[in-house]
Amino acid sequence: MVVATLLVVACALTLGVGARGVGPAELWRILTAFDPSDPAHLTVASIRLPRLVAGLVAGAALGMAGTVMQALTRNPLADPGLLGVSAGAAFSVVLGSLLLGRADTGIVTALVFPGAAIAAGMVFALGGGLRGDVGAVRLTLAGAAMNALLISLVAALVLLRSESLEVYRFWVTGSLAQAGQRPLLAMGLVVAATAFLGLVLAPVIETLSLGAAMARGLGTRLMRAQAGALFLVTVLTGAAVAVAGPIAFLGLMVPPLARRITGHNLRAELVVAAAIGATILLFADTIGRLLLAPAEVRVGVMTALMGGPVFIWIARGLKGGWRA
Amino acid sequence: MRSGTIALSVMLIAGIVAALAIGDVMVSPADLWRGLWTREGPGALTLWVIRGPRVVTAIAVGALLGLSGALLQSLLRNPLASPDLLGFNPGAGLAIIAATSFGIAWPAPLLAAGGGIAAAVVLVALTWRPGHSTSTLTLILVGLGVGFTAAALSSFLILALPASQALEAQRWLSGSLAARSWAQAGQVWALGAVLAVILATQVRSLKLMELGEDLAAGLGLRVERARWGLVMMAVLLAAAAVAAAGPVPFIALMAAPLGAALTGARTPAARLLAAAAAGAAICVLADLVARAAIPGVQLPVGVMTGILGAPYLLWRLSREMERGGL
């Protein structure tokens, strides 16, 4: 209930707050009786609405991706942004648009997923996943290394094309500012379909979080379950990158909160994680727009500011149960 | 001299010559040699004005980072320890960015040292549990988090800068050696020399510490004091490098193992020297590739060390994994 209320408030703030403030009553009128000749109505519909949709899609996707990743790796520090999956998607897009000489939404849509898939598979393998035993430190460091490598490559490619600072920033730290130019509808559908698949697969993935031996004992086909989880992480992260660029730390922060609300039930956790992810992302974006107004703090920077301390807090608590 | 030592020296010298000779304008080593002594001809401009200060700065930055990494790896007995992974470099970078955006015009090395020390203090405060010894791996993970936070704050502060400064600051933050002057090169060398002299006085304690803490204490070393002195030294060495070139990643991580592997150095002093030389060679070569690999495009050196260093870290992790260290 609280989550749902907060999500609605976050949506309303995203639509209402900005250089041209729009009150709740006015907002209601925009939704019920849209007037195309009113500039306030136009601002909301053409600028803030795409932004809201992008925030909902990316936030929900990353919240769920983080949840699946933490269940898959049994690592509370797992996050698609920190482990390089988002950076892999971004790298693939930047490389592809350099080679093909264009950067339209078709290219973005076609390239985010293979990039995310390769990065997710590599980091899982490098972190020791193939031995069925993913150490938290090893995975986190392997992910940090992958992320550093891919971000360096993205930076090199973007600087190579001598693009503007804005393009550089978008592909290094995500933003919701260019939401209008992003494939919102397609990615929204992809996320919805993947979320459904996630709910179906949730019980299988849940056994993974008990550890390899236990999962096998329960009759789970380990490889299949892992492949399914990696597929979910890949598609969700790819979709998020396509609409908002690489955003780190959101997938780290959401699962612990979701778990508090739902307890250990992955299916419920995924639903709540999607809502919390969208809520946090929208709040972060709104705060980012207000903080240095009229300049705007990209939402990826805001999530990093919030997520850094969370990372430290979780890392401090790691011991005992988490092997190395 | 062992063959490995020769190989390392050749690598460093060849790297320096190549870095001076190769670029948008090619200059032959003979021209460089003539330019060095006569200050005339095509070599002189390249050597004395364009590439010279940059290469000289790169040598010092690499050597300082190499020393810092070698110290930390030896103190923590872990090849994954380095000032960038532990958050000291991002902390130093944050201090300089913060000073820029708040208009505080203190000298960069002072700011970097303050930021690096602050990051180290935060790290120790966060991992300190009375009565428990903190595992190195926890230290590295929390340090990574401190680094993430410092980097996030830096990118936040950059957004508050005017657009003209923002681009420059962004490049600096990924580690850049572009457009160095002799004054800047002189500054980092002078600082490096002072720090190296102080480090030389600490080599004995490092040697004793490596025998094990009990034995070191038995031989009259004040272990705690020596340890903090050495950590402080590692932070200051890294900070001096960051002040000159921004938080260049991964050099500190790679230098000591590369130096030790090439030279087979055993004593602490020899290992430190090897790490400094290896760090300098990595930095000079990485900057050369970043600058000259693609004609007309100058990448920041940090981008190149990221591309080089991340695979190294992955390889090192898989090694540690096989040995059961992780």
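How each quantity is defined
- Residues numbered from 1 in each chain as written.
- Chains lettered and ligands numbered in written order.
- Predicted model: local features only at pLDDT ≥ 70, side-chain atom pairs only at ≥ 80, totals over all residues.
- Heavy atoms only, no water.
- Helix = DSSP H or I, 4+ residues; strand = E, 2+ residues; numbered from the N terminus.
- Rg over C-alpha atoms; globule rule 2.2 N^0.38 Å.
- Buried < 20%, exposed > 50% of the residue type's maximum accessible area, 1.4 Å probe, protein only.
- Areas by Shrake-Rupley, 256 points an atom, 1.4 Å probe, with all protein chains shown as cover.
- Contact = heavy atoms within 4.5 Å.
- Buried area = accessible area lost by both parts, 1.4 Å probe.
- Salt bridge = Lys/Arg side-chain N within 4 Å of Asp/Glu carboxyl O.
- Polar contact = N/O pair within 3.5 Å; in protein donor to acceptor, adjacent residues only side chain to side chain.
- Phe/Tyr/Trp six-rings, centres within 6.5 Å; stacked < 30°, edge-to-face > 60°.
- Expected span 1.5 Å × (residues − 1).
- pLDDT = per-residue confidence, 0-100.
- Patch = residues over 30% accessible without salt bridge, like charges linked within 9 Å, V, L, I, M, F, W, Y side chains within 5 Å.

1. What to know about the overall build of chain B
Within chain B, the secondary structure is distributed over 14 helices and zero strands. Helices (α) and strands (β) of chain B occur, in sequence order from the N terminus, as α-α-α-α-α-α-α-α-α-α-α-α-α-α. Here chain B has a C-alpha radius of gyration of 20 Å; the compact-globule value for 326 residues is 20 Å, and the two agree. Dimensions of chain B, computed from C-alpha atoms along their principal axes, come out at roughly 65 × 55 × 35 Å. Looking at the 326 residues of chain B, the share that counts as buried comes to 56%.

2. Some thoughts on the overall build of chain A
Helix and strand counts for chain A come out as 13 helices and zero strands. Along the first, second and third principal axes, the C-alpha set of chain A runs to 65 × 50 × 35 Å. Buried residues in chain A amount to 58% of all 324 residues. Split by element, the accessible area of chain A, about 12,500 Å² in all, is 70% carbon and sulfur.

3. Here we look at the interface of chain A and chain B
Taken together, the contact between chain A and chain B spans 43 residues of the former and 40 residues of the latter. Summing both sides of the interface, chain A and chain B together bury roughly 3,600 Å²; the carbon and sulfur share of this comes to 80%. At the junction of chain A and chain B, the tally comes to zero salt bridges. Linking chain A with chain B are one residue pair in polar contact (both at pLDDT 80 or more), by the criterion used here.

4. A short note on the environment of R323 of chain B
Residue and element names in this part refer to chain B. Note that R323 resides in the segment after α14 (301–322). By relative accessible area, which is 56% here, R323 ends up exposed. In sequence terms R323 and E224 are 99 residues apart; their C-alpha atoms lie 30 Å from each other.

5. What to know about the environment of F231 of chain A
As for its placement among the helices and strands, F231 of chain A is situated in helix α10 (residues 222–244). F231 of chain A sits 111 residues away from A120 of chain A along the chain, and the two C-alpha atoms are 8.8 Å apart.

6. As for the packing of aromatic side chains
Aromatic ring pairs: the centre-centre distance and the angle between the two ring planes describe each pair. In the structure shown here, the tally under the stated rule is three aromatic pairs over all chains. Pairing F249 of chain A with F148 of chain B gives two aromatic rings, centres 5.5 Å apart and planes at 80°, and the pair type is edge-to-face. Of the two residues, F249 of chain A is situated in the loop between α10 and α11 (250–262) and F148 of chain B in helix α7 (residues 136–160); the pairing between them involves two chains. Considering the side-chain rings of F311 of chain A and F148 of chain B, the 5.1 Å spacing of their centres and the 85° angle between planes classify their relative orientation as edge-to-face. Taken together, the residues span two chains, with F311 of chain A in helix α13 (residues 299–317) and F148 of chain B in helix α7. With relative accessibility at 0%, the residue F311 of chain A sits in the buried group. Within the aromatic cluster, the residues linked to one another by ring pairs are F249 and F311 of chain A together with F148 of chain B.

7. A look at helix α12 (residues 251–263) of chain B
Residue and element names in this part refer to chain B. For α12, which comprises 13 residues, the first-to-last C-alpha distance of 18 Å matches the rise-based estimate of 18 Å (1.5 Å per residue) to within 8%. Within the span of α12, buried status applies to I251, A252, L253, M254, A255, A256, P257, G259 and T263. G264, located one to two residues past α12, shows a positive phi value of around 65°.

8. A look at the side chain of T127 of chain B
Residue and element names in this part refer to chain B. Considering the arrangement of structural elements, one finds T127 in helix α6 (residues 108–127). For T127, a relative accessible area of 6% gives the class buried. Of note is the side chain of T127, whose polar atom sits 2.8 Å from the backbone oxygen of L123. Discounting chain neighbours no more than four positions away, the residues touching T127 are T134, L139 and V142.

9. Here we look at the side chain of D285 of chain A
All names here are of chain A. With respect to the helices and strands, the residue D285 is situated in helix α12 (residues 266–291). Residue D285 is classed as buried on the basis of its relative accessible area, which comes to 0%. Ignoring any residue separated from it by four or fewer positions in sequence, one finds D285 in contact with R51, L176 and V299.

10. Comments concerning the pattern of salt bridges
Evaluated as defined, the whole model comprises five salt bridges over all chains. In this structure, the salt-bridge partner of D285 of chain A is R51 of chain A, at a minimum N-O distance of 2.7 Å. Of this pair, D285 of chain A sits in helix α12 while R51 of chain A is found in helix α3 (residues 39–73), placing the two residues 234 residues apart along the sequence. The same class applies to D285 of chain A as to R51 of chain A, namely buried. The partner of R271 of chain B in a salt bridge is E210 of chain B, with the nearest N and O atoms 2.6 Å apart. Of this pair, R271 of chain B sits in helix α13 (residues 268–292) while E210 of chain B sits in helix α9 (residues 182–210); the two residues are 61 residues apart in sequence, bridging distant segments of the chain.

11. What to know about the environment of V124 of chain B
Position of V124 of chain B relative to the elements: it lies in helix α6. C-alpha of V124 of chain B to C-alpha of T149 of chain B: the two residues are 25 residues apart in sequence and 15 Å apart in space.

12. A word on the confidence of the model for chain A
All names here are of chain A. For chain A, the average pLDDT comes to 82, and 93% of its residues sit at 70 or higher. Within chain A, no element has a lower average pLDDT than helix α9 (residues 212–217), which sits at 72, and none a higher one than α11, at 90. Within the model, pLDDT remains below 50 along residues 320–324, and this stretch shows 14 contacts once partners closer than five positions in the same chain are excluded.

13. Topic: a nonpolar patch on the surface
All names here are of chain A. Together, F196, L197, V200 and F231 line one region of the surface with nonpolar side chains, adding up to about 390 Å² of accessible area. Looking at the nonpolar patch, the element that brings in the most residues is helix α8 (residues 184–208), giving three residues. Classification of L197 as partly exposed rests on a relative accessible area of 31%.

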